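Residue-level structural notes
For reference, the chains in residue letters:
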Amino acid sequence: MSYQVLARKYRPQRFSEVIGQDHVTRTLKNALEQERLAHGYIFSGHRGIGKTTIARILAMALNCRGIDGKGEKPVTEPCGECASCTEIRAGNSVDVIEIDAATNRGIDEIRELREGARYRPARDRYKIYILDEAHQITDAAFNALLKTLEEPPSHIVFMMATTQPEDIPQTIRSRCQHFSFHAVKFEQILAQLRDLAGRENIAADEDALALLAEAGDGSVRDALSILDQAIASSEGTLTAETVRQLVGAAPSGTVEQVMRAVSESDTRTVLQLVDRLMTEGHSPVHFAREVVRFLRNALMAKVAGADSELLQVSSDERARAAGIAELFSEEDLTRHLQIMLRTHGDLGYKQEQRFHLELGLVKMAHAQRLLPLEQLLSGALPVGVPAAGPTALRPAARQTSPPAPPIRRAPEPPRSISPFAADSARKGPFGKPEMSADAPGPRAVPQSSPGDSSTAPTPFGQGSTSGSEAVIMGSAAPAAMPQTTPQPPRPAIAQAEPVLAEGKAEVVPGAAPAQPQLSPEDLGAAISSAVEAAGHPMAASLLSGGRWFFEGSQPAVQLSASDFTVKMTLGAEPLKVANAAAGQALGRPAKLKISGGGEANGAPNGKPARKTGASTSRVAEDPIVQKMQEVFGAEIRTVIDYQNKK
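Residues numbered from 1 in each chain as written. Predicted model: local features only at pLDDT ≥ 70, side-chain atom pairs only at ≥ 80, totals over all residues. Heavy atoms only, no water.

This next bit is on the overall build of the chain. Helix and strand content of the chain: 27 helices and 11 strands. Scored against the burial criterion, the 646 residues of the chain give a buried share of 39%. By sequence separation, contacts in the chain at least 24 residues apart represent 73% of the contacts at least 6 residues apart. Of the roughly 35,500 Å² of accessible surface on the chain, a fraction of 52% belongs to carbon and sulfur atoms. (Helix = DSSP H or I, 4+ residues; strand = E, 2+ residues; numbered from the N terminus. Buried < 20%, exposed > 50% of the residue type's maximum accessible area, 1.4 Å probe, protein only. Contact = heavy atoms within 4.5 Å. Areas by Shrake-Rupley, 256 points an atom, 1.4 Å probe, with all protein chains shown as cover.)

This part takes up the packing of helix 16 (residues 330-347) against helix 17 (residues 353-367). Two elements in contact, helix 16 and helix 17, have axes separated by 9 Å at closest approach and are oriented at 170 degrees. Judged by the inter-axis angle, helix 16 sits roughly antiparallel to helix 17. For the pair helix 16 and helix 17, contact is made by Arg 335, His 336, Ile 339, Met 340, Thr 343 and Leu 347 and by Gln 353, His 356, Leu 357, Gly 360, Leu 361, Lys 363, Met 364 and Ala 367, respectively. Class assignment of the residues belonging to the contact of helix 16 with helix 17 gives a composition of seven nonpolar, five polar and two charged. (Axes fitted to C-alpha atoms, helices over the stretch in contact; angles between N-to-C directions. Parallel < 35°, antiparallel > 145°, perpendicular 65-115°, else oblique. Nonpolar A, V, L, I, M, F, W, Y, C, P; charged D, E, K, R; others polar.)

Overall, the prediction assigns the chain a mean pLDDT of 77, with 73% of residues at 70 or greater. Of all helices and strands in the chain, the one with the weakest mean pLDDT is strand 6 (residues 471-472) (34), whereas strand 1 (residues 40-44) scores best (95). The low-confidence segment residues 599-612 (pLDDT under 50) makes 32 contacts with residues lying over four places distant or belonging to another chain. (pLDDT = per-residue confidence, 0-100.)

The sheet built from three strands is open, its strands ordered 9-10-11 with mixed pairing. The open sheet terminates on both sides in strands that have one partner only, identified here as strand 9 (547-551) and strand 11 (593-595). If you compare each strand with its neighbour and ignore which way they point, the axes differ by 25 degrees on average. Relative to strand 11, strand 10 (residues 554-558) runs parallel, the two sharing three bridges. Note that in strand 11 the partner of Val 557 across the bridge is Ile 594. Against the sheet, helix 21 (residues 520-533) contacts strand 9 and strand 10, and its axis sits at roughly 115 degrees relative to strand 9. (Pairing = 2+ DSSP bridges.)

By the element assignment, Thr 343 lies in helix 16. Taking relative accessible area as the criterion, Thr 343 reaches 7% and is therefore assigned buried. Here Ile 339 takes part through its backbone oxygen, which lies 2.9 Å from a polar atom of the side chain of Thr 343. With near-sequence residues (within four places) excluded, Thr 343 lies in contact with His 356, Leu 357 and Gly 360. (Polar contact = N/O pair within 3.5 Å; in protein donor to acceptor, adjacent residues only side chain to side chain.)

With parallel pairing, five strands are arranged side by side in an open sheet as 2-3-4-1-5. Each edge of the sheet is formed by a strand with only one pairing partner; in this case those strands are strand 2 (96-100) and strand 5 (177-180). Within this sheet the neighbouring strands show an average axis-to-axis angle of 15 degrees, counted without direction. Here strand 1 pairs with strand 5 via four bridges, running parallel. Each residue of the ladder has a partner; that of Phe 43, found in strand 5, is Phe 179.

Two side chains with opposite charge may pair up if their charged atoms get near one another. This structure, assessed with the given rule, holds 20 salt bridges. Notably, a salt bridge pairs Asp 217 with Arg 289, separated by 3.4 Å at the nearest N-O pair. Of the two residues, Asp 217 is situated in the loop between helix 9 (206-216) and helix 10 (220-233) and Arg 289 in helix 14 (residues 284-304); the sequence distance between them amounts to 72 residues. Taken together, the salt bridges that share partners define one network made up of Glu 256, Arg 260, Glu 317 and Arg 320. (Salt bridge = Lys/Arg side-chain N within 4 Å of Asp/Glu carboxyl O.)

Turning our attention to the pairing of strand 1. Most of strand 1 is tucked away: five of the five residues are buried. Of the two faces of strand 1, the one carrying Gly 40, Ile 42 and Ser 44 and the one carrying Tyr 41 and Phe 43 are both buried. As judged from the five bridges shared by strand 1 and strand 4 (residues 156-162), these two strands associate in the parallel manner. If you follow Ser 44 over to strand 4, its bridge partner there is Thr 162.

Another aspect to go through is the nonpolar core. In terms of nonpolar packing, the biggest core is built from 52 residues, with Leu 28, Tyr 41, Phe 43, Leu 58, Ile 128, Met 159 and Leu 193 touching the most fellow members. When residues of this core are assigned to their parent elements, the largest contribution, eight residues, is made by helix 3 (residues 51-63). If we ignore the near neighbours within four places in the chain, the residues touching Ile 128 are Ala 59, Leu 62, Asn 63, Asp 95, Val 96, Ile 97, Val 157 and Met 159. (Core = buried A, V, L, I, M, F, W, Y, C linked by side-chain atoms within 4.5 Å.)

This is the structure:
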């Protein structure tokens, strides 16, 4: 008698012999016992997990006559001895037709099936059609089968086995009972291999059987096929090393050595290990797959512990995964797994597989040097990494010689200050220079009596770099001043008198802002010329005809045109050019204030009115509004007169 492979020799013949599919066998046995049988079944799932086997067992249970041959109805467990069971097991039953749908997939074959389905079974209760790889049937063939499957004769049962149930049309699936098979667990495959090795009188190490179960990847048939091959290649006892060589796995501990080198960012050792594997003839794709599996097991050990059921490996492999998990964080393992998954995917279709494998492993080694973004933001950096933050990026102010007490002087501003920083420091937290006497930055000079010698001015040249240098505090404060918490506005502003000392002027916050040396008319002419040179002649003509003046330290112009005309003529680009020209002419950041509607009438403190009309004029004369304009630099944009609405 010819040799029969283990997968066929030990194929289950009863529902109780099937492993890993309890949810399917239990349901089918209950349906047989209750006689609630469907006319169509779809068995889907991974390869080699019992789809066709259960279809044959179900066919035997439906047609079983019992040992005495007098059975009148289906049984929950076939006897395996009657003529019907024997013929189905041998594959020569007349009433159980098993069709390979991969080769009989066309509409002509399905038409023949429909013609045969009209006739009653020759001997058994049911005529059963088992369609293996049913997803390969064409759409036209499925459409031809649709009516027969929807209203079949009472003696017909269809069973379709497939690995891709999504390829079967929904109209077919809705007319059948669908059973989704599960991948068999590692422990169940290992127990099955141990039992079969005992039946075959094969001495096998536990590690060898564990490697076979792991190589099966959830498929009992794959594991049995490799076991058959391993038995043939071994001499005496089946060892783990024999199985490793047979399946092409890397030597024991090689993946662990690679990951330890990765934890130390030792790319040299990583590349040397890869070179040794390639020299021995190992496949880059297979090794990348091993690294992916090992990283997955290490991640499961890190998350759920080394004793978790999520680890479908042997005890030795559990220990290795747990040891590597201690060297990495959960984020590192996740990053490494993502890198190797991408590398393994690239190896399938790219040339020079070794180069891509080496690149992926080197990426993992370099990934150890990356720092999480949260760690950078929190400032908790490893030793040797300089901290980065606002204080590290802020330009340092040049220190001057300490002034003679008790006179307080401002430090010299930095050499390079961005316009935004200078403008923010000039405005202060509320749009005006900081005037708090107790806050750092600009401070008011304390008032002194005429006879107090402690407040005498410092002689010329002490604590300064130039005799003609003027230090202006408040209107142009250094940008490098420490940021302070904004203080609420005070009801009264203390005025401080300027201190003069031998040609050196010190203007203190709270005093009136220094008047610019450039006249408003000259400033307007310079801005108009710049706008015209930028290619905006209409805007330049409009600006040159306006009335120029200063509102505090900012330039302003009152135009005779209406607000709508001003808005349409002075767009974003001309206004940008005008502000830049104003800042260049004044030597400091400036923002041009433009208003339309003619000359100002009734404006407080000589300022032009923003709006025309009685309501706007009345609001502009209000003392509270004037105080808000003075303290906060506010503008009157819209006036709602509730008196006129009544």
